[in-house]
Amino acid sequence: MTSPQRKRTSRHWSAISESGSLKGIQLMLAIYDRFGARAYQGVLFLVGLYYWLRRPIARRASKEYQKQLKAFCPSVSLPRLTTVRHFTTFGTAILDKVLALYGRIAPETIHIEQRETLRAAIDAGQGGIIVVTHLGSHEICQALGRLRRDLKMSVVMHTHHAQRFNSLFNDIDRPLSVEIIEVSDMGPATAQRLQARVAEGGFVVIAADRDPIEAGARRRWLDFLGRPAPFPEGAFWLAILLHCPLYLLVCARKGQTHHVHFESLGDATGLSRRERSVWMDNTMAHFVTRLEHFCCRYPLQWFNFYPFWQSEK
């Protein structure tokens, strides 16, 4: 169901200040480069403990997520000091993001679970929308652009709330096939760029598991891990408007391997106007179901450290 008028009493994620300093991030990267992954993990535990003490919003959000996850999936196994471990897992994901964007992820560490589905999507030349989430490190998909030069992507993202972190990549040599588009710049000209990307057989990458920034943006309240939560309709409407397939991409770490899951969510290519509503209902519900599946499979790798389940209290 669509409820754009529902009251949002919790602080919006885009208004929460960025954690950490640029020098702190650079120091952690220097520790990794000079002393290796074990030293990085050792220091990271202390950093996670610091943020557990200093970031009450993130701490409460992590505990709320754990509570929902355990109720939804009782068999899931969580470690001791779960919230601290949740933060340190995020720190590992930050490292993976940096290494991926700098082209330092070894190809042999990337395992594509549905390789044939990805190959077929690229080779079809039809293009499409790729939905990503805040589970794992979806920046690995940009590393895929180095493995498949014919994989052309426009990544739609919100960067203004994480300017210190994103400044690390000001001088990055991104693959020529990867274009970054700021979500706040969406307008007619940007829409034409996205349409052109899909028309040439490329893909538009957009996250679909955070409440949209704009107060009047379309969102749906869907049951996620047993409680209603707001999910943006944007990526799904984009597939409808561009008459193209919709895919889900999740990349999560398991040991030293990055597992890439690439699945079809639906195809809006031949939809009539009468079919749109049912397609939206089914496809968004399917997306949330798959997100729940991956949360249960990789329980500490979903990184939405803000009050995700909002209510009218």
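Structure report, in brief. (Residues numbered from 1 in each chain as written. Predicted model: local features only at pLDDT ≥ 70, side-chain atom pairs only at ≥ 80, totals over all residues. Heavy atoms only, no water.)

**Focus: the environment of cysteine 244**
- Tracing the backbone through its elements, the reader meets cysteine 244 in the loop between α9 (234-241) and β8 (245-254).
- The exposure class of cysteine 244 is buried, given its relative accessible area of 1%.
- Taking the C-alpha atoms as reference points, cysteine 244 and valine 198, 46 residues apart in sequence, are found 7.9 Å from one another.
- For cysteine 244, the residues in contact, after removing those within four places along its chain, are Gly128, Ile129, Val198, Ala239, Asp267, Ala268 and Thr269. (Helix = DSSP H or I, 4+ residues; strand = E, 2+ residues; numbered from the N terminus. Buried < 20%, exposed > 50% of the residue type's maximum accessible area, 1.4 Å probe, protein only. Contact = heavy atoms within 4.5 Å.)

**Some remarks on the packing of aromatic side chains**
- Scanning the model with the defined rule gives 20 aromatic pairs in all.
- Geometrically, the ring pair formed by phenylalanine 90 and phenylalanine 305 is edge-to-face, given 5.5 Å between the ring centres and 75 degrees between the ring planes. Linking phenylalanine 90 in helix α4 (residues 82-101) with phenylalanine 305 in the segment after α10 (273-297), this pair joins segments that are 215 residues apart in sequence.
- Each ring, one from phenylalanine 231 and one from phenylalanine 287, has its centre 6.2 Å from the other, and the planes form 85 degrees; the classification is edge-to-face. Of this pair, phenylalanine 231 sits in strand β7 (residues 227-232) while phenylalanine 287 sits in helix α10, and the two are 56 residues apart along the sequence.
- Cluster of aromatic residues (ring-pair linked, three or more members): Tyr65, Phe224, Phe231, Phe236, Phe287, Trp302, Tyr306, Phe308 and Trp309.
- For the cation-ring pair, arginine 59 lies above tryptophan 52, with the distance from its terminal atom to the ring centre recorded as 5.3 Å. (Phe/Tyr/Trp six-rings, centres within 6.5 Å; stacked < 30°, edge-to-face > 60°. Lys NZ or Arg CZ within 6 Å of the ring centre and 35° of its normal.)

Treat this as a map of the structure, not an account of what it does.
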